[in-house]
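The primary structure of each chain is shown beneath.
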Amino acid sequence: MQKTNKLAIFFDLDDTLYNHLVPFRDGVREVLGLTENTVNIADLFHRVRHHSDLLWPKYLQGELELEETRLLRMELAFAEFGLDLNRETAAQVQAAYIDRQYKIEMIDGVLPQLQRFISGGHTVGIITNGPEDHQMKKIRALGVDKLIPEERIFISDAVGIAKPDPEIFAYVNRKTETTPDHCLYVGDTWGNDVVGALEAGWKVCWYNPRGRQPLTDHEPSYTFTTYDEFKELPIL
């Protein structure tokens, strides 16, 4: 097992290492011409993520195909804002959104923090939900694959377990020979990241740049809104 003077620090991918809103915003602008004057795109995206989380278990259980899951989350979210998408338009929005996810950049301040932990000899990795090929393309687009070895990148579809199930964190512990009491997870989503990791006995840094409210009584170890704040946290 891991020496007690070193931490294992695992990061979420979407909306934690890069701003997931940017490819979505640019995609809907291209296909639908939507702007912030038309609809609050950040709130719309939040609802897309919400419906994705609700539908994802059905995808994992084989009740929905991946493409159907992706299109249905769009249709449900947009309908809440009075924007009815037909299936063809939903597919166009999804295609534009996906394309831009392979042209992403790290959030300001992320890279120095990854380098800080790696150079300090700590175990650093990724735990993310999603299809393996899709998530790996984003990881490569960010250049994270050059920093973190493949055996420390855990993608739900490859593992067969998805956040917020605490078992994915336990699986990571087994595979990396780490223990929960020396593990820290950094993520943005309350249910998947904060609740899932805390239930597994890990410490949690909640990245909350948009001022979301907690949805349960769980208490993250730390909360931060920028990576300038993150670097000052007494993690090490």
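The structure we're discussing is the one just above.
Remember, predicted model here, so these are calculated numbers, not experimental data. (Residues numbered from 1 in each chain as written. Predicted model: local features only at pLDDT ≥ 70, side-chain atom pairs only at ≥ 80, totals over all residues. Heavy atoms only, no water.)

Topic: the overall build of the protein
For step 1, the next point in the chain: Per the secondary structure count, the protein includes 10 helices and 6 strands.
For step 2, the next point in the chain: The globule rule puts the C-alpha radius of gyration for 236 residues at 18 Å, and the 18 Å found for the protein is close to it.
For step 3, the next point in the chain: Along the three orthogonal principal directions, the C-alpha set of the protein runs to about 55 × 40 × 35 Å.
For step 4, the next point in the chain: Of all 236 residues assigned to the protein, the portion counted as buried reaches 50%.
For step 5, the next point in the chain: A separation of at least 24 residues holds for 64% of the contacts in the protein among residues at least 6 apart in sequence.
For step 6, the next point in the chain: Of the roughly 11,200 Å² of accessible surface on the protein, a fraction of 48% belongs to carbon and sulfur atoms.
For step 7, the next point in the chain: Taken together, the 25 basic and 37 acidic charged side chains of the protein have centroids lying 4 Å from each other. (Helix = DSSP H or I, 4+ residues; strand = E, 2+ residues; numbered from the N terminus. Rg over C-alpha atoms; globule rule 2.2 N^0.38 Å. Buried < 20%, exposed > 50% of the residue type's maximum accessible area, 1.4 Å probe, protein only. Contact = heavy atoms within 4.5 Å. Areas by Shrake-Rupley, 256 points an atom, 1.4 Å probe, with all protein chains shown as cover. Lys, Arg positive; Asp, Glu negative; His and termini not counted. Charge placed at Lys NZ, Arg CZ, Asp CG, Glu CD.)

Details of the packing of aromatic side chains
For step 1, the next point in the chain: On inspection of all chains with the given rule, the structure shows 20 aromatic pairs.
For step 2, the next point in the chain: Summarising the aromatic geometry, the rings of Tyr-185 and Trp-202 are spaced 6.4 Å apart at their centres and angled 75° between planes, so their arrangement reads as edge-to-face. Of this pair, Tyr-185 sits in strand E4 (residues 183-187) while Trp-202 sits in the loop between helix H9 (190-199) and strand E5 (203-207); the two residues are 17 residues apart in sequence, bridging distant segments of the chain. Residue Tyr-185 shares its accessibility class with Trp-202, and that shared class is buried. (Phe/Tyr/Trp six-rings, centres within 6.5 Å; stacked < 30°, edge-to-face > 60°.)

Quick notes on the environment of Asp-26
For step 1, the next point in the chain: If you trace the backbone, Asp-26 turns up in helix H1 (residues 21-32).
For step 2, the next point in the chain: With 153 residues separating them in the primary sequence, Asp-26 and Thr-179 have C-alpha atoms 41 Å apart.

Quick look at H9
For step 1, the next point in the chain: Counting buried positions along H9 yields 7 of 10 residues, so the element is predominantly enclosed.
For step 2, the next point in the chain: If you check which residues of H9 are buried, you get Trp-190, Asn-192, Asp-193, Val-194, Val-195, Gly-196 and Ala-197.
For step 3, the next point in the chain: Those residues of H9 that are buried are in contact with helix H2 (41-60), helix H8 (166-176), E4 and E5.
For step 4, the next point in the chain: Remark: Gly-201 follows H9 within two positions and exhibits a positive phi of approximately 90°.

What about the sheet that holds E5?
For step 1, the next point in the chain: Spatially, the 6 strands line up as an open sheet ordered E3-E2-E1-E4-E5-E6, and their pairing is parallel. Since the sheet does not close on itself, it has two edges, and those belong to strand E3 (153-155) and strand E6 (222-224), each with one partner. Averaged over all pairs of adjacent strands, the angle between their axes in this sheet comes to 20°, without regard to strand direction.
For step 2, the next point in the chain: Bridge count between strand E2 (residues 123-128) and E3: 3 bridges; the pairing is parallel. Note on E3: the bridge partner recorded for Thr-128 is Ile-155.
For step 3, the next point in the chain: With respect to the sheet, H8 is in contact with strand E1 (8-11), E2, E3 and E4, its orientation differing from that of E3 by roughly 150°. (Pairing = 2+ DSSP bridges. Axes fitted to C-alpha atoms, helices over the stretch in contact; angles between N-to-C directions.)

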